[in-house]
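Spelled out from the first residue to the last, the chains are:
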Amino acid sequence: MMSQAPRIAVYPGTFDPITYGHVDLALRAARLFDEVIVAVAGDSGKSTLFPLAKRRALAEEAFGAESANIRVEQFDGLLVDFARECHATALVRGLRAVSDFEYEIQLAAINRRLNAELETVFLSPAEDLGFVSSSIVRELARLGGDVTDFVPPAVVRALAELN
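To keep things clear, this report deals only with the structure shown in the data block. (Residues numbered from 1 in each chain as written. Predicted model: local features only at pLDDT ≥ 70, side-chain atom pairs only at ≥ 80, totals over all residues. Heavy atoms only, no water.)

1. Focus on the pairing of strand β4 (residues 90–94)
Inference 1: Taken across its five residues, β4 has four buried, putting it largely inside the fold.
Inference 2: Alignment of strand β1 (residues 8–13) against β4, held across two bridges, turns out to be parallel. Bridging across to β4, A9 finds its partner in A90.
Inference 3: The sheet contact formed by β4 and strand β5 (residues 119–123) spans five bridges and is parallel. The partner of R93 across the bridge, within β5, is F122. (Buried < 20%, exposed > 50% of the residue type's maximum accessible area, 1.4 Å probe, protein only. Helix = DSSP H or I, 4+ residues; strand = E, 2+ residues; numbered from the N terminus. Pairing = 2+ DSSP bridges.)

The following block contains the structure:
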């Protein structure tokens, strides 16, 4: 009997910082795929609060031993190239609200055009996390608000060190 290749998905983002919404999505994806690679983007065109190495370290700490089939990697360049290098067959993207949908559909179409073998899977976060975004967390932390309900403890500490 021939064994089937593992189903590998890439969950890309800047994760600046990683939130419980991101963790929730990766854990949901880990139930659907044999392996989920949380891919921390280095060259995203966005101005980031944390450097790439710190964002990757915070993501690694957020998952710890919680799921054996999730690993954190960093990448630069085209996502479809990174996914091909990882032998991924799917991209995981989160949809929090209708406002995310139009942009995410455009990205999915471009990625499919660049690699027709790569599917995009959309997941929604848990209902209590649907409003959480990295930009909201950054702003809340900048203004001295309590972010402990939205991000893992390592992120809380990292944000506090910036202020």
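2. Remarks on helix α6 (residues 153–162)
Inference 1: Among all positions of α6, only A154, V155, A158 and L159 are buried. Projected down its long axis, α6 carries its buried residues within an arc of 130 degrees, all on one side. Exposed and facing more than 90 degrees away from the buried side of α6 are P153, A160 and E161.
Inference 2: Buried residues in α6 make contact with α2 (52–63) and α5 (134–142). (Arc of directions from axis to C-beta. Contact = heavy atoms within 4.5 Å.)

3. Concerning the packing of α2 against α6
Inference 1: Direction vectors running N to C along α2 and α6 enclose 150 degrees, while the axes themselves pass 8 Å from each other. Here K54, L58 and E61 of α2 come into contact with α6, specifically with A154, V155, R157 and A158.
Inference 2: Looking at the contact of α2 with α6, its residues break down into four nonpolar, no polar and three charged. (Axes fitted to C-alpha atoms, helices over the stretch in contact; angles between N-to-C directions. Nonpolar A, V, L, I, M, F, W, Y, C, P; charged D, E, K, R; others polar.)

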